[in-house]
Structure formats: C-alpha cells, structure tokens
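Structural overview
Here is what each chain is made of, one letter per residue.
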Amino acid sequence: MKGPIAEDPKLARYPAEAVRKLEGVGMAPRDILELARVRRVLAAIPLRSPRAGFLARKAAVPGSYVTPGTELFQVADLSTVWVVADVPEGDMGRLRPGQPARFTTAALPGATFAGEVQLVYPAVSPETHTLQARVAIANADARLRPGLYGDVVLGLPAAEALVVPAEAVVDTGERKYAFVALPGGRFEPRAVRLGVRAGDSVVVLEGLAEGEQVVTTANFLVDSESRLRVAVESAATPSSETPR
C-alpha cells in the first residue's frame with residue numbers, strides 16, 4: 001500500500017477515506033497529522049515540493065485557476081549540473097560517453113570542476129560545424145549556477161591531425177587565413193577552417209595540406225583588418241601588369 005498511511009503509521013488511527021481525500025488535494029502526511037491535531041479548518045492547504053532544490057520558475061499567482069497537470073512551480077536540483085559543450089566536428093569520431101572532462105569559468109577564477117561526458121547529441125550544427133556533448137558535474141556546494149559560460153577540456157584519445165602554430169593564423173573577424181610560403185619569396189593567403197586548439201597549436205581541418213610551409217609571423221605582416229584585406233586581395237588576384 002502506498003500513500004500517507006503507509007508512510008506514517010500514525011495516520012492509521014484516522015478514517016482511511018478522509019486521509020486519502022486529503023492526500024488527493026496534495027497534503028503531505030505531516031500536514032494531515034497537524035490538521036488532525038488542531039482540528040481546525042485550514043484557510044490554505046500547504047503544498048510541499050517532492051524534492052529539495054532551487055525555485056527555477058513560479059507560475060502560481062493568487063486567484064489563478066489550475067487543473068491537474070498545471071505547472072505551478074519548477075524546482076531544480078543543482079546537486080548535479082549539466083554543461084553542454086560544443087565540440088568541433090573533426091573530433092566527433094573520438095567523442096564517447098564516459099570520457100573525463102574539466103570545466104572552468106571566468107566567474108570562478110582558479111576553480112576547476114571535474115565531470116564526465118554523459119551524452120553525445122546525434123546532430124551536428126550546420127552553422128557552427130560542432131557537435132554537442134553533455135557533461136555531468138557534481139555541484140554539492142552549489143557554486144555552479146544555470147547560465148554560466150566557460151571552457152570545457154575533454155579527455156579524448158590521441159589522433160593524427162594537421163596542426164600549425166596558432167600565431168600562423170590571422171583572424172579578420174569574418175574568416176581565418178594562413179599565409180603559405182611559395183617559391184621566389186612569395187606568399188599565398190589560404191582561407192582555413194580550424195578545429196580544436198591544443199596549447200600553442202591549432203588543428204586545421206580545411207585549407208592546408210601536409211608539407212606546406214606557413215608563415216608563423218603572419219600576425220606581424222599586417223596591423224589592421226583593412227590592411228589584411230589589401231594583402232589578401234593583392235595576393236589572391238593575379239597582376240595584369242607585364243613585368244619590365
């Protein structure tokens with residue numbers, strides 16, 4: 001038998017039908033016992049959350065009409081939180097549930113939170129070319145709050161990839177370029193698509209081939225986006241003048 005009577009044997013002394021009716025309107029066993037003790041009609045019936053947590057949303061207002069299934073409050077248990085990480089699609093073949101992860105956020109400088117990949121979402125975003133992974137992190141002290149933004153480091157197995165020094169990549173804000181060294185002291189700008197960054201290096205997913213030499217001091221060739229555009233356009237467009 002389930003219900004208040006089974007939970008608290010003290011209720012067995014009262015008519016079972018009356019107890020079940022009070023249970024039906026949402027009264028907890030301790031409130032039913034208190035009602036029996038004071039023997040007074042209550043002006044309001046206390047409704048208790050079935051679990052402890054933080055009040056995330058409150059839809060109940062005085063005078064509102066509710067029916068069975070109406071959400072009155074949303075209570076969030078923050079003892080464990082989920083962090084949704086965007087993983088470059090180039091790494092999705094190495095991503096598995098159960099892999100270790102670390103989370104850091106600028107809101108809590110110096111703090112590192114250990115977690116584990118709990119779920120890998122099935123779809124890749126066509127806009128960002130990333131795959132989402134859900135990381136579960138223990139949060140007993142409630143330091144992590146919903147909405148926090150930070151960085152996730154995943155413990156992925158090693159894999160072969162084409163990498164270049166991070167300083168070899170020039171970011172215009174719209175696209176990213178690397179300058180490839182050509183014979184004769186010339187340089188060719190290549191639009192590149194990048195993957196994950198590891199220390200001072202970054203993975204190149206598209207735009208470069210193994211064995212090509214890139215300029216590692218490309219960031220010093222230009223000092224503004226406008227001058228970078230000129231460099232890119234002049235290097236990418238063949239000159240119409242005949243050398244003399």
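These lines cover the structure that appears in this document, whether it is placed above or below. For clarity, every value in this text was computed on a predicted model and none was experimentally measured.

**Quick notes on the overall build of the chain**
Helix and strand counts for the chain stand at 4 helices and 13 strands. Of all 244 residues assigned to the chain, the portion counted as buried reaches 27%. Look at the contacts in the chain between residues 6 or more apart in sequence, and 50% of them connect residues 24 or more apart. With an accessible surface of roughly 17000 Å², the chain has 54% of that area assigned to carbon and sulfur atoms.

**Quick word on the pattern of salt bridges**
The full count for this structure, using the stated rule, is 9 salt bridges. In this structure, D91 engages R94 in a salt bridge whose closest nitrogen and oxygen atoms are separated by 2.8 Å. Classification of D91 by relative accessible area gives buried; the value is 10%. Among the salt bridges present, the one from E212 reaches R190, with a minimum N-O distance of 2.7 Å. With E212 in the loop between strand 13 (201-206) and helix 4 (225-236) and R190 in strand 11 (residues 186-191), this pair connects stretches of sequence that are 22 residues apart. If you follow the salt bridges from partner to partner, you end up with E89, R193 and E206 in one network.

**Some thoughts on the sheet that holds strand 13**
Taken together, the 3 strands give an open sheet; going across it, the order is 8-13-12, and neighbouring strands pair in antiparallel fashion. Every other strand in the sheet has two partners, leaving strand 8 (163-165) and strand 12 (193-198) as the edge strands with one partner each. Pairs of neighbouring strands in the sheet enclose a mean axial angle of 35°, with direction left out of account.

**Here we look at the packing of aromatic side chains**
Scanning all chains against the criterion turns up 0 aromatic pairs. Positioned above the aromatic ring of W82, the side-chain terminus of R134 is 3.6 Å from the ring centre.

**Focus on the pairing of strand 13**
Here strand 8 pairs with strand 13 via 3 bridges, running antiparallel. Looking at strand 13, one finds that P165 is bridged to S201. In sequence, strand 12 turns back onto strand 13 through a hairpin of 2 residues, with G199 there showing a positive phi of about 65°.

**As for the nonpolar core**
When a protein is soluble and globular, its nonpolar side chains tend to lie buried together. Core analysis: the biggest nonpolar cluster contains 17 residues, and L95, F103, F113, V135, I137, L144 and L154 have the highest contact counts within it. Mapped onto this core, the elements with two or more residues apiece are strand 3 (80-88), strand 4 (100-104), strand 5 (113-124) and strand 6 (130-138). V164, V169, V180 and V192 belong to the second-largest nonpolar core, a separate cluster that totals 10 residues.

**Looking at unusual backbone geometry**
With phi around 50°, R39 is a residue other than glycine that occupies positive phi space. Within the secondary structure layout, R39 lies in the loop between helix 3 (29-38) and strand 1 (54-58). What makes R39 exposed here is its relative accessible area of 72%. Unlike most non-glycine residues, A142 shows phi in positive territory, near 60°.

**A short note on the side chain of T130**
Assignment of secondary structure puts T130 in strand 6. On the basis of relative accessible area, T130 is assigned to the buried category, the value being 14%. A distance of 2.6 Å separates a polar atom in the side chain of T130 from a polar atom in the side chain of T128. Excluding anything up to four places from it in sequence, T130 contacts D86, V87, P88, E89, A123, V124 and S125.

**Structural notes on the environment of A59**
The residue A59 is located in the loop between strand 1 and strand 2 (73-76) in this model. A residue is classified by how much of its surface remains accessible, and A59, at 42% relative accessible area, is partly exposed. Placed 15 residues apart in sequence, A59 and Q74 show a C-alpha to C-alpha distance of 8.3 Å. Apart from the residues lying within four places of it in its own chain, the contact partners of A59 are E71 and L72.

Reading guide: rules and limits
Residues numbered from 1 in each chain as written. Predicted model: local features only at pLDDT ≥ 70, side-chain atom pairs only at ≥ 80, totals over all residues. Heavy atoms only, no water. Helix = DSSP H or I, 4+ residues; strand = E, 2+ residues; numbered from the N terminus. Buried < 20%, exposed > 50% of the residue type's maximum accessible area, 1.4 Å probe, protein only. Contact = heavy atoms within 4.5 Å. Areas by Shrake-Rupley, 256 points an atom, 1.4 Å probe, with all protein chains shown as cover. Salt bridge = Lys/Arg side-chain N within 4 Å of Asp/Glu carboxyl O. Pairing = 2+ DSSP bridges. Axes fitted to C-alpha atoms, helices over the stretch in contact; angles between N-to-C directions. Phe/Tyr/Trp six-rings, centres within 6.5 Å; stacked < 30°, edge-to-face > 60°. Lys NZ or Arg CZ within 6 Å of the ring centre and 35° of its normal. Core = buried A, V, L, I, M, F, W, Y, C linked by side-chain atoms within 4.5 Å. Polar contact = N/O pair within 3.5 Å; in protein donor to acceptor, adjacent residues only side chain to side chain.

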